[in-house]
Amino acid sequence: MILLFTATFTIMVLSSLDQVESSAYDKIVTHSRIRAKSQGPNVCALQQVMGTKKKYFSTCRNWYNKSICGKKAVVLYECCPGYMKLDGKHGCPAVAPIDTVYGTLDLVQAKITQQYSDQSKLREELDGAGSYTMFAPSDDAWKEFDPVSQIPSALVSRNTELYDSLCYHVVNKRLLTKDLKNDMILQSINDNHDLYINHYSNGVVTVNCARIIHANQVATNGVVHVIDRVISFAVQTIMDEIETNDDLTTLKTVALRSGLHGQLGESKHYTLFAPTNEAFEKLDRDVLERLMSDTTVLEALLKYHLLNSVQCSEAIMAGSVYETLEGSNIEIGCDGESLTVNGIKMVLKKDIVTSNGVIHLIDQVLMPDSEELMSMDQRLLKIILENHIVKLRVSLSDLYNGQLLETLGGKLLRVFIYRTAVCIENACMVRGSREGSNGVLHLMRSLIQPPETTIYKRLLKDGRFKIFLSLMESAGLTDLLKQEGSYTLFAPIDAAFDTLTEEDITLLKSDINTLRAILLYHFSNGVFINGGLEGGVTNLLKTIQGNNLQVLSVNLPVGHEDILILLKKLIRHIQLKVQQDTHHI
């Protein structure tokens, strides 16, 4: 009776722990189950990028955008990990049979890994006693194995090397996704060579930047996670890679002259966007010489290419902003298979995994604001500086809203006064102006950019506002974008209309009054610079129609039921609180 009680108590505790502990991956899978609830028990909804074999348990952002990395994604319904279909039964009501790690490889369709395990004699361990975690490359991963750098045919033909390679995919303990923590380092059974785990907030889990695509297939002697690529040893540091890569000789010079070579060799977790030699050659010779002559500038330049976290390419499913070691922000995103930096495709090679992070090779040198000045033509720099100096002495107390200040360059700069900020054109002041014997110094948060064109020309040139401009034309409001005045426009980019079909757009254009009302709610009277809006509170603005406009929401009466449904699809970048009226607009 005592033994029975002890066993029952232990099982209950373990079960409770499994339920309490969860991870980002587990939460994403739970949401996937909810989305597939109508398909039956234990079914998960995934998104597959069209034209590829890539499948993801998606975040809400990707799910509702119906895209991943800017590419259309279709919905697939599959059995959740650990479950199977039964003939004639709805959903996936059966629990997958449990086997050894070796036998489980067949169950998860990692047949080539199973074949190579048998061939290399690793089967004896995977079939034997113990507790293992195997990160098993999928069959597609083996087929895409890089033939140039890894020579898979030679590897496979030599059983000892094949055995060593497969052992690097195995850890001598059972680890579920909830146990795989971000920046965790595991020791493989191949001479304890390190494996580098990253567990991201979007649910992606990687090992040496290989993404787990089928997780937590429990075996009698461990667990199997299927990964999307064959992983190779990561023994060099970032600095080691820079020193041995022939494409990074200029970057090596930068690292040495800046004094950062030691930091790049430390046991940390970095992401380096590494400009190649050709990237540096694109810079003007004078600019490169000025950069190389100043160690402080070189240090800031290199730190602008460094993140204090490991960002593997497979974890990037949409654009996100990261702070660099230099202190400025950059946006890392993706466009199909390509990584983007600040919206530009520039990554030549992804995921060079090192012992202290990951390197992505890029074909451009990234310039923080402080160094963009050095890359400018000197005549252009003179013009910029002249437009930061006004002809008259103007102290902070002399400034008023709507005031025009003439610069030495002949431009007129507009002054905007807000409750907690004073801004000159696009740039707002830092608190603490300084007065001297011959003038006043106002510190600005960014470069001042005098207006050069109309709102219409700027939207047209940008290229991301085609749908909005089409709707403005249909509503007869295009002239509003061209005429003189002081407006603030909250302009939805084309991506804001992703959830609308062509029929939706046609319907919207068919009701001109409703269309005009919607579009005019995007315009506010007066110029409101981002730095002039207070964070953490609701800023009340006035539309050009005289209604109150809230940054977070706005009341808009709507008559037609079909237009109401359509408006709900439009709620994305600007949140509109839609109220249905009983009469037509």
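Conventions used here
- Residues numbered from 1 in each chain as written.
- Predicted model: local features only at pLDDT ≥ 70, side-chain atom pairs only at ≥ 80, totals over all residues.
- Heavy atoms only, no water.
- Core = buried A, V, L, I, M, F, W, Y, C linked by side-chain atoms within 4.5 Å.
- Buried < 20%, exposed > 50% of the residue type's maximum accessible area, 1.4 Å probe, protein only.
- Helix = DSSP H or I, 4+ residues; strand = E, 2+ residues; numbered from the N terminus.
- Contact = heavy atoms within 4.5 Å.
- Axes fitted to C-alpha atoms, helices over the stretch in contact; angles between N-to-C directions.
- Parallel < 35°, antiparallel > 145°, perpendicular 65-115°, else oblique.
- Left-handed = near helix turned anticlockwise from the far one by under 90°.
- Nonpolar A, V, L, I, M, F, W, Y, C, P; charged D, E, K, R; others polar.
- Expected span 1.5 Å × (residues − 1).
- Arc of directions from axis to C-beta.
- Disulfide = S-S within 2.5 Å.

> Which residues make up the nonpolar core, and what are the values?
Counting residues in each nonpolar core, the largest one holds 28 residues, and the members touching the most others are Ile 242, Leu 251, Leu 264, Leu 272, Leu 291 and Leu 302. Within the residue set of this core, elements represented by two or more residues are α10 (238–244), α11 (249–258), β14 (270–275), α12 (277–281), α13 (285–292), α14 (295–303) and β21 (357–362). A total of four residues in this core trace back to one element, the largest contributor, which is α14. Residue contacts for Ile 242: discarding those within four places in its chain leaves Leu 248, Leu 251, Lys 252, Leu 264 and Leu 272.

> Account for the packing of helix α18 (residues 466–474) against helix α21 (residues 512–520), with residues named and values stated.
Following both chains from N to C, one finds α18 and α21 inclined at 130°, their axes separated by 9 Å at the closest point. Put simply, α18 runs oblique to α21. Note on packing geometry: the crossing formed by α18 with α21 is left-handed. Contact residues: Phe 468, Leu 471, Met 472 and Ser 474 in α18; Ile 512, Leu 515 and Leu 519 in α21. When grouped by side-chain class, the residues that make up the contact of α18 with α21 number six nonpolar, one polar and no charged.

> Would you mind going over helix α2 (residues 24–35) in detail, with residue names and values included?
Taking 1.5 Å of rise per residue, 12 residues should cover 16 Å, and α2 covers 17 Å from first to last C-alpha, within 8% of that figure. All buried positions along α2 are accounted for by Tyr 25, Ile 28, Val 29, Ser 32 and Arg 35. Projected onto a plane normal to the axis of α2, the buried residues spread over an arc of 110° and lie on a single side. Of the exposed residues in α2, those oriented more than 90 degrees away from the buried face are Lys 27 and Ile 34. In the core, the buried residues of α2 are packed alongside β1 (43–49), α3 (60–65), β4 (71–79), β10 (194–199), β11 (205–207) and β12 (210–219).

> Could you give an account of the state of the cysteines, naming the residues involved and the relevant values?
Overall, the coordinates contain five disulfides when judged by the stated rule. The disulfide partner of Cys 79 is Cys 92, and the S-S distance across this bridge is 2.0 Å. On the sign convention where negative means left-handed, the S-S torsion of about -85° between Cys 79 and Cys 92 marks this disulfide as left-handed. Taken together, the residues span a long stretch of sequence, with Cys 79 in strand β4 and Cys 92 in the loop between β5 (83–84) and β6 (94–95) at a distance of 13 residues. Note that Cys 209 is cross-linked by a disulfide to Cys 312, the S-S spacing being 2.1 Å. For the disulfide bridge between Cys 209 and Cys 312, the dihedral angle about the S-S bond is near -75°, and by the sign convention the bridge is left-handed. You can see Cys 209 sitting in the loop between β11 and β12 and its partner Cys 312 sitting in the loop between β15 (306–307) and β16 (320–323), a full 103 residues away along the chain. Taken individually, Cys 209 and Cys 312 each receive the classification buried, so the pair is uniform in this respect. When the bonded cysteines of the protein chain are counted from the start of the sequence, the pairing works out to 1-4, 2-8, 3-5, 6-7, 9-10.

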